[in-house]
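Here is what each chain is made of, one letter per residue.
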Amino acid sequence: MEEKLLDEIPSLDLADFRSGDPERKARFVQQLGEAYQNIGFVALKNHGLTDEQTQALYADVKSFFSLPDDVKQQYEKPELAGQRGYVSKGKEHAKGRNTGDLKEFYHVGQEVEDNTDPIGKEYPANIWPSEVEGFHKSTFTTYRTLEAAGKDVLRAIALYLKLPETYFDDKVRNGNSILRPIHYFPIEDPDAVPADAVRAAEHGDINLITLLMGASADGLQVKRRDDKWIPITALPDQIVVNVGDMLQRLTNGVLKSTIHRVVNPAREKMNSSRFSVPFFMHPRSEMSLAALENCVTAENPKKEADITAGEFLNERLIELGLKKK
Ligand SMILES: O=C(O)CCC(=O)C(=O)O
Ligand SMILES: [Fe+2]
């Protein structure tokens, strides 16, 4: 495939994939696949979240983060490697860095409703803040809606990769996905934070795919192949959906997990908040990320050793400062 240098990420409509019209569906698959072979990101509308859901979610997320730090810290559980509940300001740093990001966030994880699936025992229970009544409902409704959208995006990816459409279904069923409402908090005095501290330092996502709400606010940038940073401009009704490192590894680099970051606002605007809510779609921990056979060719020899999703996640949590060795 000829790879163009794009100035913006392609926009797609999930309704095309879900329409039942074979032509619309095939076009969606092709455009998604090409975008993922190229810049690794798309903007997606008709993802299934209603305006009411989105508004309720942001209201609850804002209420939570406006609580005093000592109240929020009651919901912080370092022994869970930050995988559930609150993670306080500056705790997480990008792989290969020491300076913490200028953000605080909250993790909502999988709830396994099918008690015949033993994977339920692998997951720590979710933690719900008692101060914000709607938080449980609004975050978990969002979790399920984005999980369903993600499953369809993975079906489209499977078709693009010439796999059976349902290839990923079993692998993500009761998977270890995480919804992460993030607050990039206001900075009163920019001189009081480390000079190299940023909202989110450049990184690739760990998981299979990320579905991100809130990229319509300024700051998110992706690094193009020529090292130019491209600002992401999603419309309010779009989410951004990108390839993570697990999918890049599975496809032997055919699909691209593109480096991205959230830059600080101008100095005089540092005193403002930014909110976003990524959904990191993870498979079950036993999924093998060994390169797919049809992604290994003479021109594209196998790049990385075999690893499972669970092992890969563990390595990365240590590198992010969330888990002790
Ligand atoms: O806040 C954003 O817009 C992006 C966040 C992000 O890249 C991440 O949490 O992995
Ligand atoms: Fe990210």
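Residues numbered from 1 in each chain as written. Chains lettered and ligands numbered in written order. Predicted model: local features only at pLDDT ≥ 70, side-chain atom pairs only at ≥ 80, totals over all residues.

If you check an unreviewed UniProt entry, the protein chain appears there as Oxidoreductase from Hymenobacter swuensis DY53. Taken verbatim from the UniProt record of the protein chain, the Sequence similarities (unreviewed entry) comment is "Belongs to the iron/ascorbate-dependent oxidoreductase family." (UniProt positions renumbered as here; feature names shortened; annotations may be inferred.)

Trainee: Requested: an account of the site of ligand 1, with residues and values cited.
Mentor: Taken together, I182, A200, D205, L212, G214, A215, L220, H260, V262, S276 and P278 make up the full set of residues adjacent to ligand 1. Secondary-structure elements contributing two or more residues to the shell around ligand 1 are β12 (260-262) and β13 (274-281). (Near = placed C-beta within 6 Å. Helix = DSSP H or I, 4+ residues; strand = E, 2+ residues; numbered from the N terminus.)

Trainee: Would you mind going over the environment of Q53 in detail, with residue names and values included?
Mentor: Summarising the element assignment, Q53 is placed in helix α3 (residues 51-65). Classification of Q53 as partly exposed rests on a count of 15 C-beta atoms within 10 Å. As a C-alpha pair, Q53 and A156 span 103 residues in sequence and 25 Å in three-dimensional space. What Q53 contacts, discounting residues up to four positions off in sequence, is T141, T142 and T145. (Buried ≥ 20, exposed ≤ 12 C-beta atoms within 10 Å, placed from the backbone. Contact = placed C-beta atoms within 7 Å.)

Trainee: Report on the nonpolar core, specifying residues and quantitative values.
Mentor: Judged by nonpolar contacts, the single largest core of 77 residues is most densely connected at L32, V42, A156, I209, L211 and V240. With 10 residues, helix α5 (residues 135-160) is the largest single contributor of residues to this core. (Core = buried A, V, L, I, M, F, W, Y, C linked by C-beta atoms within 7 Å.)

Trainee: Which residues make up the environment of L67, and what values do they have?
Mentor: In this fold, L67 is placed in the loop between α3 and α4 (69-72). Expressed as a C-alpha distance, the spacing of L67 and V132, which sit 65 residues apart in the sequence, is 9.5 Å. Contacts of L67, omitting those with residues within four sequence positions, involve K72 and E131.

Trainee: Residue-level account of the pairing of strand β8 (residues 209-213), with values.
Mentor: Most of β8 is tucked away: five of the five residues are buried. Residues I209, L211 and M213 point to one face of β8 and T210 and L212 to the other, with burial holding for every one of them. Direction of pairing for β8 relative to strand β11 (residues 239-243): antiparallel, over a ladder of four bridges. From the neighbouring strand, I209 faces β11, where its bridge partner is V243. Alignment of β8 against β13, held across five bridges, turns out to be antiparallel. Bridged to L211 within β13 is F279. (Pairing = 2+ DSSP bridges.)

Trainee: Any details on the environment of T139? Residues and values, ideally.
Mentor: When you line up the elements, T139 lands in helix α5. Classification of T139 as buried rests on a count of 24 C-beta atoms within 10 Å. T139 has contacts with L57, V108, L179 and P181, leaving out every residue within four places of it along the chain.

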